[in-house]
Amino acid sequence: MAAKSLSLKQAAQHIEKLRKEIKYHEKKYYVDNDPQISDETFDLIVKELDKLEKQFPELITPESPTQRVGEQPLEGFPSVEHRTPMLSLDNCYSEEELKEFEERIEKIIPAEKIEYVAELKIDGLGISVIYRDGKFSQAVTRGDGFRGDDVTLNVKTIRSLPLLIDNTREIEVRGEAYLPFQSFQKINHERSGKGEPLFANPRNAAAGSLRLLDPEKVASRNLDAFLYSIFIEGKEESSQWKNLQILKELGFKINPQSRHCSTLKEVISFWNEWQEKREDLDYDADGIVVKINSTELQKNLGSTAKFPRWSISYKFPARQATTKITNIKIQVGRTGALTPVAILKSVKLSGTTINRSTLHNEDEIKRKDIRIGDTVLIERSGDVIPKVVSVMKERRTGKEKKFTFPPICPVCQSSTFKPEGEVISRCVNPSCRAKLRGSLLHFVSRRAMNIEGLGDSLVGQLLEKKLVKSIPDIYSLDYEKLVGLERMGPKSSQNLLEEIEKSKQRDVARLIYALGIRYTGERTAQALASHFKNLESLASASLEELIEIEDVGPKVAESIVFFFSQPENTGLMNILKKSGLNFSYKEEKREGKRPLGGQLFVLTGKLSSLSREQATEMIEDLGGTVTSSVSHKTTYVVTGDSPGSKLDKAKRLGVPTLEEKEFLKLVKKD
Ligand code: IVH
C-alpha cells in the first residue's frame, strides 16, 4: 500500500489492523510459546507500523506495540499505595507443617471439604498491574506490601504482558516478574566482559533490572512475568482456578504447571514432582504456593497482619547454604591463569556435597571482601558450579585472615602478568609445570584427542616421574614405563597404549583444538581444518588468509599466527608428525561421523541407563547440540523418567520427542 496517499482515516484503519496482527503474534510468541511466523516477518510488520505512525504521529497511542519501550530516561519511581495490601506468604518446609496448615483451617471452618490450587513459587518480584478501560495503565512493585514503586514504563517492556485487553472494567492483576535463566546468564556474561559486578542470582538481576532508569536497557534484559491473581471491579469469580482461567483468556501468561488439587495428598505429590524436576525449568522456583481454591472460603479465613490464612508456601530444599572458608588456594590452568579457589567446610547443597568453590579472580575477592575463616553464603544455580554469593560479615570473630594474592606463580615461582583492563593474572613461564599439566589434560580430553584412561591422577604421576615432559612424550610411552605406576596393571597399561595408538588417527580438527591455541575452540578448529585441509597449511597461513574464514575474527587469527611463529610450537608439531599423528582433514569420514550435525536436542527427566552428561556426550560426538530450553528450533526432546515442563512445551510446539530406547537407537547407529 502506498502509504503517502493514505487519508487519516485509512491510515487509522491500517494502523489498527497492524496492531491487532502484532498483538496476536506477540501473544503467540511470548505467552503461548507457539510462534506462527518467523522473527523476520514479525519485524517487518512492526516496521510497517512504525513507519505509518511516524507519518501520522497523531495516531500514536501509549498502547501501540511500538510504544513498549520508552526512549526517555526515567527520573525515579514515585511511591504508590496499593489498593489492598500485597501480603507475603507464610512458609513451611515439611509435609508435617503442611498438614498443620490444613488442620488450622479445618478448625476455623470444620464442615467444609477443602480443595486447593498448587502453583510454583516463582523466585522473582511481586508486581501489580492495573488496566483501565482495557489499557495497561500502571505497574507497581510489591515494596513493603502497602506501598510500592511505580515502575510502569519498565514493566511495560515485558512482552508477554498485553498492553490492551478485552475488558473495559478496572482490573488489577498481580504476579511475579522474573528473569529466565538464559537471560540471567546472558546479562552476567556481558557484565563479566565489562568487568562489572555479577548478579548473585536471577532474582537480584530481575530486581536490578526493574529499577533501571533507562527503559531501553530494561527491555534488553528480557524480563518476563507469570500472573496469578486478578481483581475485576464489580465481578468476582468463585475460585482461584477460575481466576487463572480468566487471566489466561484475557491473554496473560499464567504458569502452565499450576494444578487443581482435590486433596492435600495431591498437593504433596505436586511438590514431590516439582522438587525433582525443578532443574528442568527455565526459571527459578523456590517452592510451591498452596492456595485454597474457593474464593468464599478464602474470605472466611481472612488474613493475619502479614499473611493470608488461606495460602502457604511449601519451600523446596535450598540451593543455597552457609559454610566456612577454611583456606584459599590458587589453581594455575593451561593458559597460566591464576584462579583462586575457596576450600570449604563440607556442606550439602541440593543433594551433593560441596567442598570447594571458585572465587574467579583477585578483584572478586576484594569486591566481596572474602577472608579465610569467613562464613559465607554459597549457591548453586542451574547447573553452574557453586559460588560464593556473599560474606556474612556479622559472623566475623576478628580471627579471619585477609588473603594476599600471590605476586608470583605458586607452582613455578615465575612472575605473573595482568594486562591492563583485565582481571586475570597469568604465569609468564612457558614451561610452567601447571601449564604443562593443564595442556596435557586438555590434549587428551574427550573433545580433543580423546585418549581414554589418561586422567588427572595418571597425568600427575607421569609428570612427577618425569616420564612426560611435553605433549609428544605421550607417544613415546611404553609398557615398561606404564606398568609400574600406581593403579596401572598389565591390562590397563595395554589398554592405554592401544588408546594412545588409536588417537594418532583422529581428524586434524581435533588435533588443532587439542593444541590449545588461545581463542581456538572446537568450532573454530573445525572451520580451520575444513578450510586448510591439513595442519601444515594452517601453520603457514597468513593473518589475511585467516581473517577471510568465517568464524575467524582478527583476535583469533592473530593468536593462531602467534602460536605457529613460536619455535617451541613448530618443534612440537614436527615431533607429533614423526610420531605418526594424522595431520589431515578426513572430510568424508567426518561427514559420516556427524549424523546429528545441526540438530538441536533438549533433555528432560531421568534416563535410566545413562547420565545426562553421557547422553550429552553421545549427542555432541555425533555432531548434535544440546540446549536447555525447548523452542520451535529444537529437533528432539529426549524424555526420561518424570519429565519436566519441557515435555509439555515440546507437545505444545509440536516438537518430536524420543523416549530413552528410541534415543539409544538413534545415537548408537553410526
Ligand atoms: S500468591 C496473598 N502465588 O512469593 C497471596 N505468590 O513469599 C500472595 N510468589 O509476595 C501471593 N510465586 O511475590 C503467590 N504462584 C505464586 C507465587 C507467589 C511467587 C511470590 C510473591 C509473594 C511471595 C511471598
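Look above for the structure.
These notes cover the structure that comes with them. Just so it is clear, the structure is predicted and the values come from calculations on it, not from any experiment. (Residues numbered from 1 in each chain as written. Predicted model: local features only at pLDDT ≥ 70, side-chain atom pairs only at ≥ 80, totals over all residues. Heavy atoms only, no water.)

**What to know about the site of the ligand**
Note the following rule: Throughout, the term near means that a residue has one or more heavy atoms lying within 4 Å of the molecule or strand in question. A 3.5 Å cut-off defines polar contacts: any pair of N or O atoms within that distance qualifies, except that in protein one atom must be a possible hydrogen donor and the other a possible acceptor, and neighbouring residues in sequence count only when both atoms are side-chain atoms. Reported accessibility uses the Shrake-Rupley method at a 1.4 Å probe radius. Residues are deemed covered only where the shown protein chains occlude them. Each helix corresponds to a stretch of at least 4 residues labelled H or I by DSSP, and each strand to a stretch of at least 2 residues labelled E; elements are numbered beginning at the N terminus. Side-chain classes are defined by residue name, with Ala, Val, Leu, Ile, Met, Phe, Trp, Tyr, Cys and Pro counting as nonpolar, Asp, Glu, Lys and Arg as charged, and the others, Gly among them, as polar.
Around the ligand, the structure places 13 residues, and the nearest of them are Glu119, Ile122, Glu176, Tyr228 and Lys291. Within the side chain of Lys121, one N or O atom sits 3.3 Å away from an oxygen atom of the ligand. Contact between the ligand and Lys291: a nitrogen atom at 2.9 Å from a side-chain N or O atom of the residue. When the ligand sits alone it has 520 Å² of accessible area, and the protein chains cover 87% of it. When residues of the shell around the ligand are traced back to their parent elements, those giving at least two are β3 (116-122) and β10 (285-292). If you tally residues by element for the shell around the ligand, the top one is β3, at four residues. A class-by-class count of the residues in the shell around the ligand yields seven nonpolar, one polar and five charged.

**Some details on a nonpolar patch on the surface**
Rule in force here: Patch definition: residues with relative accessible area over 30% and no salt bridge; like charges joined within 9 Å; nonpolar side chains (Val, Leu, Ile, Met, Phe, Trp, Tyr) joined within 5 Å. In what follows, salt bridge is the name for a side-chain nitrogen of Lys or Arg lying within 4 Å of a carboxyl oxygen of Asp or Glu. Exposure categories follow from relative accessible area, calculated using a 1.4 Å probe and restricted to protein chains: below 20% of the type maximum is buried, above 50% is exposed, and the middle band is partly exposed.
Taken together, the side chains of Leu543, Ile547 and Val561 define a hydrophobic patch exposed on the protein surface, amounting to about 190 Å² of accessible area. Looking at the element boundaries, Ile547 is found in helix α19 (residues 543-547). Take Ile547: its relative accessible area is 39%, and that puts it in the partly exposed class.

**A look at unusual backbone geometry**
Positive phi outside glycine occurs at Gln413, with the angle close to 65°. One can find Gln413 in the loop between β18 (401-402) and β19 (416-417).

**Describing the sheet that holds strand β21 (residues 600-604)**
What counts here: Strand pairing follows a simple DSSP-based rule, namely that at least 2 bridges must link the two strands. Whether two residues are in contact is decided by their heavy atoms: any pair within 4.5 Å suffices. In this description, a line fitted to the C-alpha atoms serves as the axis of each element, helices being fitted only across the stretch in contact, and the angle between N-to-C directions of two axes falls anywhere from 0 to 180 degrees.
The strand order across the open sheet formed by four strands is β22-β21-β23-β24, and the pairing between neighbours is parallel. Two strands in the sheet have a free side with no partner beyond their single neighbour: β22 (625-626) and β24 (657-659). With three bridges joining them, strand β23 (residues 636-639) and β24 adopt parallel strand pairing. Bridging across to β24, Thr639 finds its partner in Glu659. The strands touched by helix α24 (residues 645-653) within the sheet are β21, β23 and β24, with β21 carrying the most contacts at an inclination of about 135°.

**Remarks on the state of the cysteines**
Which entries qualify depends on this criterion: Whenever a pair of cysteine sulfur atoms sits within 2.5 Å, that pair is classed as a disulfide.
For the coordinates displayed, the defined rule picks out zero disulfides. Looking at Cys261, it has no disulfide partner, and the nearest cysteine sulfur is the one in Cys92, 14 Å off. Residue Cys261 is classed as buried on the basis of its relative accessible area of 0%.

**Here's the deal with the pattern of salt bridges**
All chains considered together, the criterion is met by 38 salt bridges. With its nearest N and O atoms 3.8 Å apart, the salt bridge here joins Lys649 to Asp282. Of this pair, Lys649 sits in helix α24 while Asp282 sits in the loop between α9 (264-277) and β10; the two residues are 367 residues apart in sequence, bridging distant segments of the chain. Among the residues examined, Asp282 registers a relative accessible area of 26% and is labelled partly exposed.

**Looking at the side chain of Glu499**
With respect to the element layout, Glu499 can be found in helix α15 (residues 490-503). Among the residues examined, Glu499 registers a relative accessible area of 16% and is labelled buried. Sequence-distant contacts of Glu499, that is, excluding residues within four places in its chain, are made with Asn450, Ile451, Glu452 and Arg506.

**Remarks on empty space enclosed by the protein**
Operational definition: Cavities and pockets are defined on a 1 Å grid built over the protein atoms alone: a cavity is a set of grid points where a 1.4 Å probe fits but cannot escape, while a pocket is an open set with protein on both sides within 12 Å along at least five of seven lines, and lining residues are those with an atom within 4 Å of any such point. Grid points are joined across faces, edges and corners, and a volume is the space filled by probe spheres set on the points.
Per the counting criterion, the structure on display carries two cavities of 30 Å³ or more. Within this model, the largest cavity holds a volume of roughly 50 Å³. As for the largest cavity, its lining consists of Glu119, Leu120, Ile122, Phe226, Leu227, Tyr228, Leu244, Asn255 and Ser258. Contributing elements (two or more residues each) for the lining of the largest cavity: β3 and β8 (224-232). Here the residues of the lining of the largest cavity sort into six nonpolar, two polar and one charged. The volume enclosed by the second largest cavity comes to roughly 30 Å³. Forming the boundary of the second largest cavity are Leu440, Val444, Leu454, Val459, Leu462, Val468 and Ile474. At the level of secondary structure, the elements contributing two or more residues to the lining of the second largest cavity comprise α12 (433-444) and α13 (456-464).

**Observations regarding the environment of Glu544**
Here Glu544 shows up in helix α19. For Glu544, a relative accessible area of 56% translates into the label exposed. As a C-alpha pair, Glu544 and Lys194 span 350 residues in sequence and 29 Å in three-dimensional space.

**A few points about the packing of aromatic side chains**
Note the following rule: Aromatic rings from Phe, Tyr and Trp, taking only the six-membered ring of Trp, are treated as a pair when their centres fall within 6.5 Å; an angle between ring planes under 30 degrees marks them as stacked, one over 60 as edge-to-face, and anything in between as tilted. Only Lys NZ and Arg CZ are tested; either one counts as a charge over a ring when it is within 6 Å of the ring centre and within 35 degrees of the ring normal.
Overall, the coordinates contain 12 aromatic pairs when judged by the stated rule. A ring pair is formed by Phe563 and Phe564, whose centres lie 5.1 Å apart and whose planes are at 80°; its orientation type is edge-to-face. Given a relative accessible area of 8%, Phe564 falls into the buried group. By way of ring pairs, the aromatic residues Tyr131, Phe136 and Phe252 are connected into one cluster. The residue whose ring lies beneath Arg191 is Phe199, and the NZ or CZ to ring-centre distance is 4.3 Å. Stacked on the ring of Tyr519, the Lys or Arg Lys555 has its end atom at 4.4 Å from the ring centre.

**Regarding the packing of α12 against α13**
Here is the rule: Geometric relationships in this document are graded by angle, where less than 35 degrees denotes roughly parallel, more than 145 denotes roughly antiparallel, 65 to 115 denotes roughly perpendicular, and other angles denote oblique. Each crossing gets its handedness from the near helix: less than a right angle anticlockwise from the far helix is left-handed, clockwise is right-handed.
Orientation of α12 relative to α13, taken along the N-to-C sense of each, is 135°, at an axis distance of 10 Å. Between α12 and α13, the interaxial angle falls into the category oblique. Every pair of crossing elements has a handedness; the one defined by α12 and α13 is right-handed. Contacts between α12 and α13 involve Leu436, Arg437, Leu440 and Leu441 from the first element and Asp456, Val459, Gly460 and Leu463 from the second. Looking at side-chain class alone, the contact of α12 with α13 contains five nonpolar, one polar and two charged residues.

**A short note on the sheet that holds β8**
Pairing is antiparallel in the open sheet, where four strands are placed in the order β5-β4-β7-β8. Edge positions in the open sheet fall to β5 (135-141) and β8, since each of these has one partner strand only. Adjacent strand axes in the sheet meet at a mean angle of 25°, parallel and antiparallel pairs treated alike. Bridge analysis of strand β4 (residues 125-132) against β5 gives six bridges, and the strand direction is antiparallel.

**Overview of the nonpolar core**
Which entries qualify depends on this criterion: By nonpolar core is meant a set of buried Ala, Val, Leu, Ile, Met, Phe, Trp, Tyr and Cys residues that side-chain atoms within 4.5 Å join together.
In terms of nonpolar packing, the biggest core is built from 53 residues, with Phe443, Leu535 and Leu546 touching the most fellow members. Elements that contribute at least two residues to this core include exactly α12, α13, α15, α16 (508-514), α17 (522-532), α18 (535-539), α20 (554-565) and α21 (567-578). Tallying contributions element by element places α16 first for this core, with six residues. Residue contacts for Leu535: discarding those within four places in its chain leaves Val508, Leu511, Ile512, Leu515, Phe564, Met573 and Phe583. Counting 38 residues, the second largest nonpolar core, distinct from the first, contains Ile127, Ile165, Phe184 and Leu223.

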